[in-house]
Amino acid sequence: MQEKTKAFLKSRGFHLFSALVAAVLLTTGFILWNMLISTEETIGREVYIITNNFNLSDAAAIARADALQTFNYNFRKQLEEYLTVSEEDIQRNVKFNLIDTDDIRSGETWENLKTNFENSILLKGNMIVDANGNEQTNNTFNAAIELVAKKTINQFHDGSYGKYHISLSSREQNAITNLENAIVQTIENNINEIDFLDIVGCDADTCDVGTFYFIIPLDKMSPEAYESLPLIIVKDLVSGEEIKFPILQKTRLNIYVPLRFFKAVHEAWQKNSGAIIEFEDLLYNGQTIKTGMLGYCDTGCEPRTNPLIAGGENWGKNCMEPGTKTLTQLITENNNANILLSSKNYTIGIANGRNELTAFARANICVNAENKYIETGYTNPGRLDNIGTFVNYNLEEGRGINAESSMGIVKASGCPFNKIYAVSQSKNTKIIDGALGTELKLDCSSIKQVETTVIFEDTNPLYIVSGEKNRYAIGIRSKEFPIQDKELGTCTNGEEKCIKK
């Protein structure tokens, strides 16, 4: 048996089988080893590619975040310049006409104020009333967006960061214009779709803060506008790969604006607008439906010398009384603004009563507003917060109504308004028969509307983007009053009296 076994072990068949098995094992091992080497190289290349792409994207995200931060800061700063007034603006009577007494009487004041801000201010610009009482649009919001676009592009920093280089595709004027137009058009196209404002710490009842978030819906930007934006380019200096993407992300921006603008609006509404409403009631409680007028405003031939009282049928003087001093002349001669507060009887001057009507409006509105501040119990009536950094600009430093030589008004230091102006309209209403051999036409001047400005000053650094103080000018407008726009017949002088013909 042992001999047979030894013979088998020494046989050729056993050695061939062994060699075959060994070859198979060797080949399998080589294949496995080769596969492991190949897989390791493949995985290594994939890991390198993934890591490289991640770093490229990361650099791109940082570049865009930096551009967005620049945009946000410049937007806040430009809004600060847009919403506040300088000394020159105050002299030019730049203001934001946000408050209408019609809105107050409707009972939905706060919502209307926000809507007025969105529609009339941000999209169409604030209003300037010139020396002649003409209202002009001051489109500064678009100008603010233009400056934001310009600074966002010009302040973008090109440069190398490690193995990456970051640059902007264009800094030309067309790039600035494209960015500006994209933002403005996106806002205008979505005016009825979203709320642009989220006001902080302020409602119809109280307003302790009054800052706000301004929402820019870049997520609603049209594809064409988005594709027109300048591109951020991030390039890998080693591999040569690069990524390009628009400077602003297509998302909804909620930009916090730390300006207490809406506190100023709220204070003007709660503490100043009541004086305008009381003046409206004064006119409507006059002797006739059409009040707030001076001159030849009635069917009779006696001119009105009091804005609230109609003239009679006949006048015991010549139809044109010579040498009569006007209220304006009296104020100038006496250098005493108290005449504004005591006298309610105005004679007819060369200006046909328009100056006197403004004086009449100022006298009554100032008294009403001053009493309103006193009634609220302020020790210092100008200070409107706990730490005394938010104040009524005119009351705090006793400015009152600014002196105007044309009006003869020297000072009204207790008045919490910076400007009160009666927008008047004159109409040829009477013909004086036979005066100097001709028919002479005489006028009636009517108050069509009252425009007022109240200014607030904020010195709290928490609510200032740059500088040491902000001033906000808020406009309050009355409703429109009935005016005299009819021809009222002829008067003639008879026995030195003005008689209805």
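Residues numbered from 1 in each chain as written. Predicted model: local features only at pLDDT ≥ 70, side-chain atom pairs only at ≥ 80, totals over all residues. Heavy atoms only, no water.

A. Here's a closer look at the overall build of the protein. Within the protein, the secondary structure is distributed over 14 helices and 17 strands. In the protein, buried positions account for 47% of the 501 residues. In the protein, once contacts between residues fewer than 6 apart in sequence are set aside, the share between residues at least 24 apart is 68%. With the model as given, the accessible surface of the protein reaches about 25200 Å², and the carbon-plus-sulfur share is 51%. (Helix = DSSP H or I, 4+ residues; strand = E, 2+ residues; numbered from the N terminus. Buried < 20%, exposed > 50% of the residue type's maximum accessible area, 1.4 Å probe, protein only. Contact = heavy atoms within 4.5 Å. Areas by Shrake-Rupley, 256 points an atom, 1.4 Å probe, with all protein chains shown as cover.)

B. Region of interest: the environment of Ile-243. Counting through the fold element by element, Ile-243 comes out in strand β9 (residues 242–246). When the C-alpha atoms of Ile-243 and Ala-59 are compared, they prove to be 9.8 Å apart, with 184 residues separating the residues in sequence. Beyond its immediate stretch of four places on either side in the chain, Ile-243 contacts Leu-56, Ser-57, Ile-232, Ile-233 and Val-234.

C. A look at the pattern of salt bridges. According to the stated counting rule, one finds 18 salt bridges in the structure shown. For Lys-163, the salt bridge identified is with Asp-236, shortest N-O distance 3.7 Å. One end of the pair, Lys-163, is in the loop between β4 (159–161) and β5 (164–168); the other, Asp-236, is in strand β8 (residues 231–236), and 73 residues separate them in sequence. Overlapping salt bridges bring together Glu-87, Glu-457 and Arg-471 as one network. (Salt bridge = Lys/Arg side-chain N within 4 Å of Asp/Glu carboxyl O.)

D. Summary view of unusual backbone geometry. In this structure, Asn-93 is a non-glycine residue whose phi angle is positive, near 60°. Residue placement: Asn-93 occurs in the loop between α3 (87–91) and β1 (94–100).

E. Region of interest: helix α7 (residues 173–189). If you check α7, its first and last C-alpha atoms are 24 Å apart, about what 17 residues at 1.5 Å a residue would give, namely 24 Å. Within α7 the residues assigned to the buried category are Ala-175, Ile-176, Leu-179, Glu-180, Ala-182, Ile-183, Val-184, Thr-186 and Ile-187. (Expected span 1.5 Å × (residues − 1).)

F. Fine view of the sheet that holds β8. Strand order across the open sheet formed by four strands is β4-β5-β8-β9, with antiparallel pairing between neighbours. Among the strands making up the open sheet, the edge pair consists of β4 and β9. Geometrically, the sheet is characterised by an average inter-axis angle of 20° between neighbouring strands, direction not taken into account. Here five bridges tie β8 to β9, and the two strands are oriented antiparallel to one another. Residue pairing in the sheet places Lys-235 in a bridge with Glu-242 of β9. (Pairing = 2+ DSSP bridges. Axes fitted to C-alpha atoms, helices over the stretch in contact; angles between N-to-C directions.)

G. Region of the structure containing the packing of helix α10 (residues 273–284) against helix α13 (residues 354–375). Between α10 and α13, the shortest axis-to-axis distance is 8 Å and the interhelical angle comes to 130°. The angle between α10 and α13 places the two elements in the oblique class. Relative to α13, α10 is oriented so that their crossing is right-handed. On α13, the residues touching Ala-275, Ile-276, Glu-278, Phe-279, Leu-282 and Leu-283 of α10 are Phe-360, Ala-361, Asn-364, Ile-365, Asn-368 and Ala-369. Split into classes, the residues belonging to the contact of α10 with α13 amount to nine nonpolar, two polar and one charged. (Parallel < 35°, antiparallel > 145°, perpendicular 65-115°, else oblique. Left-handed = near helix turned anticlockwise from the far one by under 90°. Nonpolar A, V, L, I, M, F, W, Y, C, P; charged D, E, K, R; others polar.)

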